Amino acid sequence: MSAGGVAMGEVGDPPADVLAEAAAAFGLLSSPPRLHIVWALAQGECDVTGLAERVGGALPAVSQHLAKLKLAGLVRSRREGRRVVYLIDDQDIVATVQVLVGRLAERAGRPGGQAHGLGA
């Protein structure tokens, strides 16, 4: 151990800008509907209508959540004819969400592992 109590080979504290970016990502995901949207998109790409049905939200609200997630770089979209399809653009965030939600679901004795969606 070094004088600061950190074992040799451990990483020091992250820079302030990294902590700010992580806090922003966690803040964005602190909304249950946005977290559910990310969970749903982790299962596969989907259009806004399908997402609204899956997460139980109104179409305009889901569109607004998608816009925020897209602006943050967590999701992206592509056109399929007249339809806009959304997909995950940050696999690290998805992995974090899957681990956290899966562990919390296990503790509660509820489905919610990677094979199940939230609210299933």
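Per an unreviewed UniProt entry, the protein chain goes by DNA-binding transcriptional ArsR family regulator and derives from Nonomuraea angiospora.

> Got a minute to help me understand helix H2 (residues 32-43) in this structure?
Taking 1.5 Å per residue as the helical rise, H2 with its 12 residues ought to reach 16 Å, and the 17 Å between its terminal C-alpha atoms agrees with that figure. Directly after H2, the chain includes Gly 44, whose backbone phi takes a positive value near 155°.

> Please clarify how the packing of H2 against helix H5 (residues 91-108) should be interpreted in this entry.
The geometry of a pair of packed helices is captured by two quantities: the angle between their axes and the separation between those axes. Viewed as axis vectors pointing N to C, H2 and H5 meet at an angle of 105°, and their least axial separation amounts to 10 Å. When the axis of H2 is compared with that of H5, the two are roughly perpendicular. Residues Leu 35, Val 38, Trp 39, Ala 42 and Gln 43 of H2 form the contact with H5, whose own contacting residues are Val 94, Val 97, Gln 98 and Val 101. Classifying every residue of the contact of H2 with H5 gives seven nonpolar, two polar and no charged.

> Which parts of the structure should I look at to understand the sheet that holds strand S2 (residues 75-80)?
Neighbouring strands of a sheet are bound in pairs by backbone hydrogen bonds; such pairs are parallel or else antiparallel. Taken together, three strands build an open sheet; the order of strands is S1-S3-S2 and the sheet is antiparallel. Of all strands in the sheet, those bounded by a partner on one side alone are strand S1 (46-47) and S2. The pairing of S1 with strand S3 (residues 83-88) spans two bridges and is classified as antiparallel. By the bridge assignment, Asp 47 is partnered in S3 with Val 85.

> Would you mind going over the pattern of salt bridges with me for this structure?
When the charged atoms of two side chains with opposite charge come close together, those side chains can pair. All chains considered together, the criterion is met by five salt bridges. Where Glu 45 meets Arg 78, a salt bridge forms, and the shortest distance between an N and an O atom there is 2.1 Å. Highlighted residues: Glu 45 in the loop between H2 and S1 and Arg 78 in strand S2, separated in sequence by 33 residues. Overall, Glu 45 belongs to the partly exposed group, its relative accessible area being 40%.

> I keep staring at the nonpolar core and nothing clicks. Help me out?
Ranked by size, the top nonpolar core spans 23 residues in total, and within it Ile 37, Leu 41, Val 62, Leu 66 and Leu 69 carry the most contacts. Looking at this core, the elements that each hand over two or more residues are helix H1 (16-28), H2, helix H3 (48-55), helix H4 (59-71), S3 and H5. Ranked by the residues each element gives to this core, the list is headed by H2, at five residues. Ignoring any residue separated from it by four or fewer positions in sequence, one finds Ile 37 in contact with Leu 51, Val 55, Val 62, His 65, Leu 66 and Leu 69.

Conventions and cut-offs
Residues numbered from 1 in each chain as written. Predicted model: local features only at pLDDT ≥ 70, side-chain atom pairs only at ≥ 80, totals over all residues. Heavy atoms only, no water. Helix = DSSP H or I, 4+ residues; strand = E, 2+ residues; numbered from the N terminus. Expected span 1.5 Å × (residues − 1). Axes fitted to C-alpha atoms, helices over the stretch in contact; angles between N-to-C directions. Parallel < 35°, antiparallel > 145°, perpendicular 65-115°, else oblique. Contact = heavy atoms within 4.5 Å. Nonpolar A, V, L, I, M, F, W, Y, C, P; charged D, E, K, R; others polar. Pairing = 2+ DSSP bridges. Salt bridge = Lys/Arg side-chain N within 4 Å of Asp/Glu carboxyl O. Buried < 20%, exposed > 50% of the residue type's maximum accessible area, 1.4 Å probe, protein only. Core = buried A, V, L, I, M, F, W, Y, C linked by side-chain atoms within 4.5 Å.

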